[in-house]
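Spelled out from the first residue to the last, the chains are:
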Amino acid sequence: MEDYDVIIIGSGVGGSVTARRLAENGARVLILERGDFVPREPENWSVDTVFFQKKYKAKDTWLDRKGNLFDPGACYNVGGSTKFYGAALFRLRERDFETLEHKGGVSPAWPMSYSEMEPYYDEAERMFRVHGDDTGDKTAPHRNGPYPFGPVPSEPIVAHLADRLRSQSISPSAMPSGVNSGTAGSCILCRTCDGFPCKIGQKNDAETCALEPALATGRVDLKTRTFARRIVLSGDGRKVEAVEVEEKGETKRYSALLFVVSCNAVNSAALLLRSSSSAAPTGVANSSDVVGRHYMVHNQTALMGLSHRINSTTFQKTLAINDWYFGDKDFPWPMGHMQMLGKLQGGMLTANVPYLPRFLGNEMARHGMDWIALSEDLPDPNNRVTLEGGQIKLAVTLNNMEGHLELVKRMKRALQRAGYPIVVTKSLVAHATAHQSGTVRMGSDPATSALDQYCRTWDHPNLFVIDASFFPSSAAVNPALTIAAQALRASDHMLATDFKKSA
């Protein structure tokens, strides 16, 4: 068996960025991935294949709060969910790291400040070749310099909408986007980016930006179709000794100096809970009883503005609005964030709204301008991941909806004033798992958190959890860039402490 310094479970953004950073600094790394590579093939850009046949989704079911089975739409593959994301790579705002009062409750402070994360945000943006320009974004956090690349330009119809919004004193800004357009590469700015895998490899996901460079070092091994069943502790429970996996029908164990769990918020919590033993009766890293708790997703609503004009836009995901992020004079609490969706196509609408006739979905898509509203979901200890007979159970009760509804109301009115008299909305909160976070939270107190500010577990010094489960709060923007930045920060901490000690 090979000797490894670090074993990483999961190849999404947290796992792959960690692997790259450690390997480029001399560490020997093994990545265990339960899925396989997403093939580059013509079907990558097929609406029928992706949205109706769901070829690339995992065949997995979870239990909801009432004990009913549902399909979480999980992606178990190399690169994790970033293979299918819309490549929106936002920084959290400075105030997102602080205690923030909402209409529906309080969002807790993080154990570090934005200024401590800022240099790692800079690096993460370079790693993922982010295109952007936050000029005009009133909530944009401090930056040490411009984005690595300029913004993806809006097509004429979207640019016209931006002008109509500005006439209402609304400030749309460029979407920070991880696509290789312009001088960065050969992205063709197609309609099949948001929600689709990229068959030409020009979307900057965890595989292309982090895993491939990690493998190129020669110090990283990747095992696919290898499911981590449990984490094995030493007799006194202080140290992780091995990870037990199912690989090609066999049960095996792999050992290393350090272990990193990066399976996503639900599955990382499930792995830690599934690993309970006499040394850790409530689960690994769970002496505080927070593992699985404080599950968060964003409160989400899709909006489609309809007019008589045909929307001929191809690459639509170029604008964001943060005017109401922290509230306004009429509602002085945070509301959240607006961003454009990738251009919806008729078949995509029909797949998500089964009772909608396909011809009507096609017509709506031809005339529609597509947005999504994202608002903060507050951490609630009773919103949690548990195991029931080995099955994942996700019990969630919605919260903090007042601000979200205010956000949707303002955006709906803005679209109508901009020339889209009909605005159709669809809530996306039922069984939501996109942007999941929070189940293995970090903090400053071992009694109320599972991780320290570097994602090291309080209970087991050689175990880290690096994915969105470390989030103490969800904020209201996409989590991917923050996961990448924290992965770099946590990796540097390992290199300065664990590897320095063992050198």
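## Quick word on the overall build of the protein chain
Per the secondary structure count, the protein chain includes 10 helices and 20 strands. Taken against the 2.2 N^0.38 rule, which gives 23 Å for 503 residues, the C-alpha radius of gyration of the protein chain at 22 Å falls within 12% of a compact globule. By the burial criterion, 61% of the 503 residues in the protein chain qualify as buried. Counted over contacts in the protein chain with a minimum sequence separation of 6, partners at least 24 positions apart contribute 74%. Counting every atom, the protein chain has about 19200 Å² of accessible surface; 51% of that belongs to carbon and sulfur. Considering the protein chain, the positive charge centre built from 56 side chains and the negative charge centre built from 55 side chains are found 4 Å apart.

## Re the packing of aromatic side chains
Aromatic ring pairs are described here by two measures, namely the spacing of the ring centres and the angle between the planes. According to the stated counting rule, one finds 11 aromatic pairs in the structure shown. With a centroid separation of 5.2 Å and 70° between ring planes, the pair formed by F51 and F196 is classed as edge-to-face. Here F51 is found in helix α2 (residues 47–52), whereas its partner F196 is found in the loop between β7 (173–174) and α5 (206–216), with 145 residues between them in sequence. Each of the two residues, F51 as well as F196, counts as buried. An aromatic cluster of three or more residues is present, and its members are F97, W110, Y114, Y121, F470 and F471.

## Section: the nonpolar core
If you look at the biggest cluster of nonpolar residues, it comprises 111 residues, and the most contacted ones within it are I7, V17, V29, F128, I231, V243 and L272. Looking at this core, the element that brings in the most residues is helix α10 (residues 480–502), giving 11 residues. Each residue touching I7, except ones within four places of it in the same chain, is listed here: L30, L32, V243, Y254, S255, A256, L258, F259 and V260.

## A closer look at the sheet that holds strand β8 (residues 220–223)
Read across the open sheet, the 5 strands follow the order β8-β2-β1-β12-β20; overall the sheet is parallel. The open sheet terminates on both sides in strands that have one partner only, identified here as β8 and β20 (463–465). Averaged over all adjacent pairs, the angle separating strand axes in this sheet is 20°, with direction ignored. In this sheet, β20 lies alongside strand β12 (residues 256–261) in parallel orientation, the contact comprising 3 bridges. By the bridge assignment, F259 is partnered in β20 with L463. Along the sheet face, helix α6 (residues 265–274) touches β1 (4–9), β12 and β20 and points at about 150° away from the line of β20.

## Structural notes on the environment of R129
Mapped onto the fold, R129 is located in the loop between α3 (114–127) and α4 (156–166). In this structure, the C-alpha to C-alpha distance between R129 and A184, residues 55 residues apart in sequence, is 7.6 Å. Not counting residues up to four positions away in its chain, the partners in contact with R129 are F149, S177, G178, V179, N180, N204 and C209. There is a polar contact of 2.9 Å between the side chain of R129 and the side chain of N180.

## A word on the environment of H404
Its location among the elements puts H404 in helix α9 (residues 401–417). The exposure class assigned to H404 is buried, which follows from its relative accessible area of 1%. As a C-alpha pair, H404 and S167 span 237 residues in sequence and 24 Å in three-dimensional space. Excluding residues that lie within four positions of it along the chain, H404 makes contacts with N299, Q300, T301, M335, A373 and S375. Polar side-chain contacts of H404 include one of 2.7 Å to the side chain of T301.

## Re the environment of E241
Examined against the element boundaries, E241 turns out to sit in strand β10 (residues 240–247). In contact with E241, other than residues within four places in its own chain, are V232, L233, S234, Y254, S255 and F259.

## Remarks on the pattern of salt bridges
Per the counting criterion, the structure on display carries 30 salt bridges. For D205, the salt bridge goes to K83, with nearest N and O atoms at 2.9 Å. One end of the pair, D205, is in the loop between β7 and α5; the other, K83, is in the loop between β4 (69–70) and β5 (100–102), and 122 residues separate them in sequence. Between D330 and K329 there is a salt bridge; the shortest N-O distance is 3.5 Å. Summarising the burial analysis for this pair, D330 and K329 share the class exposed. One salt-bridge network, in which partners are shared between bridges, spans R91, D122, E125 and R143.

## So, the sheet that holds strand β9 (residues 226–233)
For sheets, the rule is that strands pair by backbone hydrogen bonds, running either parallel or antiparallel. Overall, antiparallel pairing links the 3 strands, which are arranged β9-β10-β11 in an open sheet. Both outer strands of the open sheet, β9 and β11 (250–254), are each paired with one neighbouring strand and no more. The mean angle between the axes of side-by-side strands here comes to 25°, regardless of whether they run parallel or antiparallel. Across 5 bridges, β10 lies against β11 in antiparallel orientation. Of the residues in β11, the one forming a bridge with V243 is Y254.

## Brief notes about the state of the cysteines
Going through the model one piece at a time under the given rule, you end up with 0 disulfides. Free of any disulfide, C187 has its nearest cysteine sulfur in C193, 6.4 Å distant. We note that C209 lacks a disulfide partner, and the nearest cysteine sulfur, in C198, lies 11 Å from it. Relative accessible area serves as the criterion here: at 1%, C209 is assigned to the buried category.

## Looking at α3
The end-to-end C-alpha separation of α3 is 19 Å, in line with the 20 Å expected for 14 residues at 1.5 Å each. At Y120, α3 shows its largest kink, close to 30°. Where α3 ends, the next residue or the one after it, R129, has phi of about 45°, a positive value.

About the criteria used
Residues numbered from 1 in each chain as written. Predicted model: local features only at pLDDT ≥ 70, side-chain atom pairs only at ≥ 80, totals over all residues. Heavy atoms only, no water. Helix = DSSP H or I, 4+ residues; strand = E, 2+ residues; numbered from the N terminus. Rg over C-alpha atoms; globule rule 2.2 N^0.38 Å. Buried < 20%, exposed > 50% of the residue type's maximum accessible area, 1.4 Å probe, protein only. Contact = heavy atoms within 4.5 Å. Areas by Shrake-Rupley, 256 points an atom, 1.4 Å probe, with all protein chains shown as cover. Lys, Arg positive; Asp, Glu negative; His and termini not counted. Charge placed at Lys NZ, Arg CZ, Asp CG, Glu CD. Phe/Tyr/Trp six-rings, centres within 6.5 Å; stacked < 30°, edge-to-face > 60°. Core = buried A, V, L, I, M, F, W, Y, C linked by side-chain atoms within 4.5 Å. Pairing = 2+ DSSP bridges. Axes fitted to C-alpha atoms, helices over the stretch in contact; angles between N-to-C directions. Polar contact = N/O pair within 3.5 Å; in protein donor to acceptor, adjacent residues only side chain to side chain. Salt bridge = Lys/Arg side-chain N within 4 Å of Asp/Glu carboxyl O. Disulfide = S-S within 2.5 Å. Expected span 1.5 Å × (residues − 1). Bend = angle between axes of the 7 residues up to and from the residue.

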